[in-house]
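Structural characterization, general
In case you want the letters, here they are:
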Amino acid sequence: SLAAARPTPPAKPHLVKAQRSRLNFKEKSELEELPDLIDGLETALAELESVLADPLTYRDRREEISVLTAQTDALRSQIERSFARWETLSERSGS
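Summarised in this report is the structure supplied together with it. The numbers attached to residues start from 1 for each chain and follow its sequence in the written order. Where local features are concerned, this predicted model is filtered to residues with pLDDT of at least 70; where side-chain atom pairs are given and counted, the filter is 80 or more; whole-chain, interface and lining totals use all residues. Only hydrogens and water are set aside; all other atoms, that is, all heavy atoms of the structure, feed into the side-chain values.

**Points about the pattern of salt bridges**
Criterion for a salt bridge: a side-chain nitrogen of Lys or Arg within 4 Å of a carboxyl oxygen of Asp or Glu. Enumeration over the complete set of coordinates arrives at 6 salt bridges. With its nearest N and O atoms 3.0 Å apart, the salt bridge here joins Arg 92 to Glu 27. Here Glu 27 lies in helix H3 (residues 25-53) and Arg 92 lies in helix H5 (residues 65-93), a separation of 65 residues in the sequence. Summary of the burial criterion: residues with accessible area below 20% of their type's maximum are buried, those above 50% are exposed, and those between are partly exposed, where the area comes from a 1.4 Å probe applied to protein chains only. By relative accessible area, which is 28% here, Arg 92 ends up partly exposed. Its relative accessible area of 13% is what places Glu 27 among the buried residues. A helix here means a DSSP run of H or I that spans at least four residues, while a strand means a run of E at least two residues long, and both kinds are numbered starting from the N terminus.

Listed below in structure tokens is the structure:
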């Protein structure tokens, strides 16, 4: 018969998969907090970059240059990780 020839779509596994991809409470909270965290990190990065762009820093704070540069690199990495996490959680939440 024709009914036997047509495969029936697996409805339940699809529903189970959709439920698994929902965010739990902790992830929802993290998703809500990430924009403010990223803004704060970007502000701190801008401040450090401003310090490093100032020629007086190289004259008056020469011994701090390597530390400031390392902090700048660490902030950039943290911003990238935070954006990636935000994208992942946003996709999973459907927003």
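**A closer look at the environment of Trp 86**
Counting through the fold element by element, Trp 86 comes out in helix H5. For the pair Trp 86 and Pro 35, spaced 51 residues apart in sequence, the C-alpha to C-alpha distance is 8.0 Å. Here, two residues are considered to be in contact whenever any of their heavy atoms come within 4.5 Å of each other. Those residues within four positions of Trp 86 in sequence are excluded, and the remaining contacts are Leu 31, Leu 34, Pro 35 and Ile 38.

**Thoughts on the side chain of Thr 57**
Here Thr 57 shows up in helix H4 (residues 55-60). Take Thr 57: its relative accessible area is 4%, and that puts it in the buried class. Polar contacts, as used here, are pairs of N or O atoms within 3.5 Å; protein pairs need one atom able to donate a hydrogen and one able to accept it. Residues neighboring in sequence count only if both atoms are side-chain atoms. A polar contact is formed between the side chain of Thr 57 and the backbone oxygen of Val 51, at a distance of 2.5 Å. Excluding residues within four positions of it along the chain, Thr 57 makes contact with Val 51, Arg 62, Ile 65 and Leu 68.

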